[in-house]
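# Examination of the molecular architecture
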Amino acid sequence: MGDVNIFLSLLAGSLVKAAMMMWAQGHPVRKRDWEKVGTVSELFVHPLKSGRGWSVTEAQVESIGLRYNGVLDRFYLLTNSEYRRLNIRMEPTMALIEASIHGDDVHFDAPGMNTLILPKHIKPTTENQFECTIKDKLHRGIDCGLEAGLWFSTYLKRENLKFIIPDKMLNEIRPFSNFYFINPQMVLCQSSVDDLNSRLENYETTVREFRPNVVITGPSAYSEDDWEEMQIGDIHYKMTEPCLRCLITTVKAETGVRNPTIEPLKTLRKYRMLPTHPAGPVLGRYCENTTTGEIRVGDPVYIIRRRQSTA
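Residues numbered from 1 in each chain as written. Predicted model: local features only at pLDDT ≥ 70, side-chain atom pairs only at ≥ 80, totals over all residues. Heavy atoms only, no water.

Looking at where N87 falls in the secondary structure, it is placed in the loop between β6 (77-79) and β7 (98-102). In this structure N87 comes out as buried when scored by relative accessible area, which is 6%. When sequence neighbours within four positions are dropped, the list of residues in contact with N87 reads S50, M94 and I248. (Helix = DSSP H or I, 4+ residues; strand = E, 2+ residues; numbered from the N terminus. Buried < 20%, exposed > 50% of the residue type's maximum accessible area, 1.4 Å probe, protein only. Contact = heavy atoms within 4.5 Å.)

Our focus in this paragraph is the sheet that holds strand β18 (residues 293-296). In spatial order, the strands read β5-β4-β3-β18; together these four strands make up an open sheet with antiparallel pairing. Of all the strands in the sheet, just β5 (71-72) and β18 have a single pairing partner and so form its edges. Relative to β5, strand β4 (residues 65-68) runs antiparallel, the two sharing two bridges. Within β5, the position partnered with R67 by the bridge is L72. (Pairing = 2+ DSSP bridges.)

Here we come to the sheet that holds strand β8 (residues 105-109). Read from one edge to the other, the open sheet built from three strands follows the order β7-β8-β9, with strand pairing classed as antiparallel. This sheet does not close on itself; its edge strands, each paired only once, are β7 and β9 (116-119). Ignoring strand direction, the axes of neighbouring strands in this sheet form an average angle of 25°. Relative to β8, β7 is paired through five bridges, and the arrangement is antiparallel. Residue S100 lies in a different strand from β8, and its bridge partner there is H107. (Axes fitted to C-alpha atoms, helices over the stretch in contact; angles between N-to-C directions.)

This paragraph deals with the environment of L150. Here L150 is to be found in helix α2 (residues 146-156). Expressed as a C-alpha distance, the spacing of L150 and F163, which sit 13 residues apart in the sequence, is 9.2 Å.

For the rest of this paragraph, the subject is the side chain of S50. For S50, the location among the structural elements is in the loop between β1 (35-45) and β2 (54-56). Among the residues examined, S50 registers a relative accessible area of 4% and is labelled buried. Side-chain polar atoms of S50 contact the backbone nitrogen of I88, separated by 3.1 Å. (Polar contact = N/O pair within 3.5 Å; in protein donor to acceptor, adjacent residues only side chain to side chain.)

This part is about the confidence of the model for the protein. Across the protein, the average pLDDT comes to 84, with 78% of residues at or above 70. Segment residues 2-31: pLDDT under 50, and one contact once partners within four positions in sequence are set aside and those in other chains are kept. Considering only residues more than four positions removed or in separate chains, one finds that residues 169-178, a stretch of pLDDT under 50, has 30 contacts. (pLDDT = per-residue confidence, 0-100.)

This brings us to the pattern of salt bridges. A complete count under the given rule lists eleven salt bridges for this structure. Measuring nitrogen to oxygen at the nearest pair gives 3.0 Å for the salt bridge that ties R305 to E35. You can see R305 sitting in strand β19 (residues 300-305) and its partner E35 sitting in strand β1, a full 270 residues away along the chain. Using a relative accessible area of 34% as the deciding quantity, one classes R305 as partly exposed. (Salt bridge = Lys/Arg side-chain N within 4 Å of Asp/Glu carboxyl O.)

Among all positions in helix α3 (residues 190-199), only S191, S192, V193, L196 and N197 are buried. If you follow the buried residues of α3, they end up packed against β13 (185-189), α4 (265-271) and β17 (282-289).

Moving on, we come to the nonpolar core. Formed by 56 residues in total, the largest nonpolar core has its most connected members in Y76, F108, F152, F163, W227, M230 and I295. Tallying contributions element by element places α2 first for this core, with five residues. Discounting chain neighbours no more than four positions away, the residues touching I295 are V40, L43, T57, E58, A59, V61, L66, V214, I232 and Y237. Counting residues in hydrophobic clusters, the runner-up holds 15 residues, among them F44, L188, F210 and L268. (Core = buried A, V, L, I, M, F, W, Y, C linked by side-chain atoms within 4.5 Å.)

The linkage connecting E263 with the following residue, P264, adopts the cis geometry, with an omega of 10°. As for its placement among the helices and strands, P264 is situated in the loop between β16 (235-244) and α4. Even without a glycine there, the phi angle at S50 is positive, about 80°. Its identity as a non-glycine residue notwithstanding, R211 has a phi of 55°, on the positive side. Here R211 is to be found in the loop between α3 and β14 (214-217). On the accessibility criterion, R211 (12% relative accessible area) is buried.

Here is the structure:
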């Protein structure tokens with residue numbers, strides 16, 4: 001009888017241990033729990049780097065950024081004759097260039113211009129492949145042709161402009177990517193822009209002037225500074241660098257006109273300078289996704305905060 005009791009005790013212990021292991025496999029223990037902080041309030045895809053962005057309700061999240069209606073964020077790039085990129089800081093009216101999808105074609109429109117129509121897919125040839133420079137980084141690209149270059153040259157009143165897309169076949173220097181600077185996506189809290197506006201006099205800015213991909217409503221102002229990881233639906237993000245701000249933020253997205261008072265950049269310089277980033281004020285965070293899938297306006301946002309030093 002004693003042996004039976006010992007056996008039953010051992011069996012019960014083994015069953016409990018097995019049950020606990022099975023539960024643990026489905027409920028991994030985290031050193032830090034996910035915290036719900038808000039929801040996705042806006043999504044933006046910018047087909048042309050420094051062009052007008054699309055406000056969308058959903059998008060595909062790929063390893064190289066957001067894709068909407070078959071077009072990647074920052075897929076098109078405008079350069080000078082030496083293939084060095086142009087942006088809103090140099091040409092403020094680039095903010096008014098709009099792209100739209102029509103079947104297998106992409107239409108580009110700008111004030112005073114007839115519509116430029118290009119095929120969505122342009123095949124590389126030995127004549128249209130080249131290298132271009134973005135912020136001192138070398139990319140390989142495909143020239144979209146003389147007609148496209150002339151259209152942008154006419155609009156911006158600059159000679160010999162080039163309109164290009166990334167070349168996924170020749171990109172040996174950098175894995176195939178769209179034309180982003182640091183990471184494929186940038187996140188910004190609406191409250192951060194609201195707080196900035198409360199500090200401005202006789203001027204109001206919007207999230208569009210900061211060109212984010214994901215706008216989040218709910219967290220307190222600048223709380224994105226302290227996030228280490230983020231989860232939106234099935235998409236897991238690692239937060240990377242804060243986004244340095246420059247004269248691009250002084251150009252109104254709706255008019256393509258630069259504010260002569262240099263706001264909101266001037267105010268940002270008063271309180272958003274970080275010792276680790278002395279080149280300029282910061283607002284928003286770059287991030288890279290470790291999973292792919294879909295993201296939608298209204299999705300809840302969960303984050304893990306950075307560990308605070310106890311030293």
